[in-house]
Amino acid sequence: MTLIGAMASAAIACHAIPLSLHRIAPLCGVHAHACLSPIAPLMRYRMAYASTPQASTPLRFHRAQYGLLRASLCAALLLLLAGPGAAADREDATIRTALASGLRPTVVPADTGLPHWSLQERMTQHHVPGVAIAVLRDGKLVHSAGYGTREAGTQAAVNADTLFSVGSVSKVVTAATSLRLVADGTLALDRDIATYLRSWKVPATPSVPAPQLTLRMLMSHTAGLGVHGFADYLPGEPLPTLLQTLDGIAPAKNKPVRLIHTPGERGDYSGGGVMVEQLVLEDVTGQPLDTLARRQVFEPLHMQRSRFTDPPTNTDNIAKAHDGDGKPTALPRGWQSFPEQGASGLWTSANDLAAFVAALTASYRGQGNFLPHPIATDMMTEVSPSWHGLGPRLDGTGQTRIFHHGGSNDSYRAWIEGYLETGDGFVILTNGENGAALATEIRNALSDAIGRGVNPAVRTVALDLREPRYADYAGVFEQDESVPMAQRRALADIFDIPALEVKVAGGEVRVGVAGTKRDGRVLPVSPNRFVSPDIDGLEIEFHRDAFGKVEALSVVFGEGRGYYVRRKRDI
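Note that this is a predicted model, so its numbers are computed, not measured.

**Details of the confidence of the model for the chain**
No. 1: Residues with a pLDDT of 70 or more make up 84% of the chain, whose mean pLDDT is 87.
No. 2: Low pLDDT, under 50, characterises residues 8–87; the stretch is placed with 251 contacts to residues that sit more than four places away or in other chains.

In structure tokens, the structure reads:
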């Protein structure tokens, strides 16, 4: 079993939240039905760390060893057959080469070479019929194209204007809508939202008798509200209103949106909180979100294909939904509904989202007027203790400083990323349930092609873990809850596991949830640091002290760090 699978039940138990990746994040950006996958709960935030287990990696590497020339020629032919799908699309030679032979996993085992997968090869492997990709360099669109088909079994080609559901990427567009109203003085980031709400109030709880929440909290997932994500609705199912969603009243499928933490105490991803943000927008302006976003975002950025409402049944050039086997689903219409608009209801295209990413980076760099520079800076600065800014997630420094967000509805996976200092960036849209794993591999290829040092391959090292020195890594380690939330960052949400059990046997180190039989292998990158092949970016670091004993370990994810101390009775 993978490490993700090992942690899944514990994460559900700890959060009581039904959802996530298939999440990517996963590692999420994200939707509730993804909880049907055993890998879901730890992956609900970010697709860049939502790689699927690499059990078949040795076979893939072996296939790649037939020679780069043959692989490149075959890949080029396959890409030619797959797309791009429209004359209006544009191609960049470097990006074209990356997609022809540059897809790769994030973690590369020590005894294997770097694969050179083609986009078409991986689309077939993951059963994803269609993909749309857009790439920015220095704020300019240099590549936008579609690959494969809008519906399996047809010749309807995807192009860069094809309409896709983008799940939780919606949250960033909703945030931008709010920030435009902050810029014109209609809203304030740090004002109690109770002064804005007319049709509903955040209910008090015994621990928070007089809740005071702000837009800054809602956009950064620090408001303390629950309901991580929402279930999709099949054609013909009744759709809830916004108020029914907030109160968890049928036909809404979610629990009521209520406080589960003290506001500001911790970062806890909440689609429910974004629905409260949507209500603030609608109560203050008297306009539905789609109308407001059209005026504040879509029209200024010429995002002509974008909408927060269900596309009409006769909509042309729309990507249909597909299940994990690549078969059409949500029939007869061919796509689900997402009534929680602000959190997960956006329909858009690769070209439109590229314009959006470009506008955000330009505003941050002081080169555009979509958002005033001070507000763009606020948007792109983490709100402690979260790893979110005002909408997007943030990582890196200098030229590796990026904002990003994933999206994960049942049959669609999406990813946006912008390089804040250089204006580079990209958009990845897919129309298959397994699109998160594919998007991770595409992201790796695009990161390598852009060449800024973001998201490099992690190469493991060859160690003989049968040596006695590794035996004392084994044991049960309990979470040190005194570590500040600001240091734990995303781990306080995606990896909030009270106790871990480490096993060392058969030349492997395995980590799982203490008290269960579920665990997963971690791979060494140094004698005391190990990476998960399942959660991109997750590391386990063992601490050998000055007395030669291993009494603690750290779980590291990006800039977040959790600390675990050996259980006393194991010492």
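**Quick notes on the pairing of strand E17 (residues 550–557)**
On a regular strand, each side chain points to the face opposite its neighbour's, so the side chains alternate between the two faces of the sheet.
No. 1: Burial of E17 is extensive: seven of the eight residues sit out of reach of the surface.
No. 2: Strand direction decides the pairing type here: strand E16 (residues 538–544) and E17, joined by seven bridges, are antiparallel. Bridged to Ile540 within E17 is Val555.
No. 3: With antiparallel pairing between neighbouring strands as the criterion, E16 and E17 make up a hairpin whose turn holds five residues, including Gly548 at a positive phi of roughly 80°.

**Quick look at the sheet that holds E17**
No. 1: One closed barrel holds the eight strands; their spatial order is E11-E12-E13-E14-E15-E16-E17-E18, and the pairing between them is antiparallel. Between one strand axis and the next, the sheet turns by 35° as a mean value, whatever way the strands run.
No. 2: Bridge analysis of strand E14 (residues 519–526) against strand E15 (residues 529–531) gives three bridges, and the strand direction is antiparallel. In the sheet register, Ser526 faces E15, and the bridge partner there is Arg529.

**Describing unusual backbone geometry**
It is generally the case that most residues other than glycine have a negative phi and that most peptide bonds are trans.
No. 1: Backbone torsion omega between Leu331 and Pro332 reads 5°, so that peptide bond is classified as cis.
No. 2: For Ala330, which is not glycine, the phi dihedral falls at a positive 55°.
No. 3: When you line up the elements, Ala330 lands in the loop between helix H10 (289–298) and helix H11 (341–344).

**Thoughts on the sheet that holds strand E8 (residues 412–419)**
No. 1: Pairing within the open sheet is antiparallel, and its six strands lie in the order E3-E2-E9-E8-E7-E6. Because the sheet does not close on itself, it has two edges, and the strands there are strand E3 (140–148) and strand E6 (393–395). Each neighbouring strand pair of the sheet contributes to a mean axis angle of 15°, computed without reference to strand direction.
No. 2: Where E6 meets strand E7 (residues 402–409), three bridges bridge the pair, whose relative direction is antiparallel. Bridge pairing in E7 places Leu394 opposite Phe403.

**Concerning the pairing of E3**
No. 1: Bridge analysis of strand E2 (residues 130–137) against E3 gives eight bridges, and the strand direction is antiparallel. Residue pairing for E3: Val135 is matched across the bridge by His143.
No. 2: Counted along the chain from E2 to the antiparallel partner E3, the turn is two residues long, and its residue Asp138 has a positive phi close to 50°.

**Points about the nonpolar core**
No. 1: Ile193 and Phe356 are the most contacted members of the largest nonpolar core, which has 83 residues in total.
No. 2: It is helix H12 (residues 350–364) that provides the largest number of residues to this core, a total of nine residues.
No. 3: Excluding residues that lie within four positions of it along the chain, Ile193 makes contacts with Val202, Leu213, Thr214, Leu215, Leu218, Val276 and Val280.

Cut-offs and rules
- Residues numbered from 1 in each chain as written.
- Predicted model: local features only at pLDDT ≥ 70, side-chain atom pairs only at ≥ 80, totals over all residues.
- Heavy atoms only, no water.
- pLDDT = per-residue confidence, 0-100.
- Contact = heavy atoms within 4.5 Å.
- Buried < 20%, exposed > 50% of the residue type's maximum accessible area, 1.4 Å probe, protein only.
- Helix = DSSP H or I, 4+ residues; strand = E, 2+ residues; numbered from the N terminus.
- Pairing = 2+ DSSP bridges.
- Axes fitted to C-alpha atoms, helices over the stretch in contact; angles between N-to-C directions.
- Core = buried A, V, L, I, M, F, W, Y, C linked by side-chain atoms within 4.5 Å.

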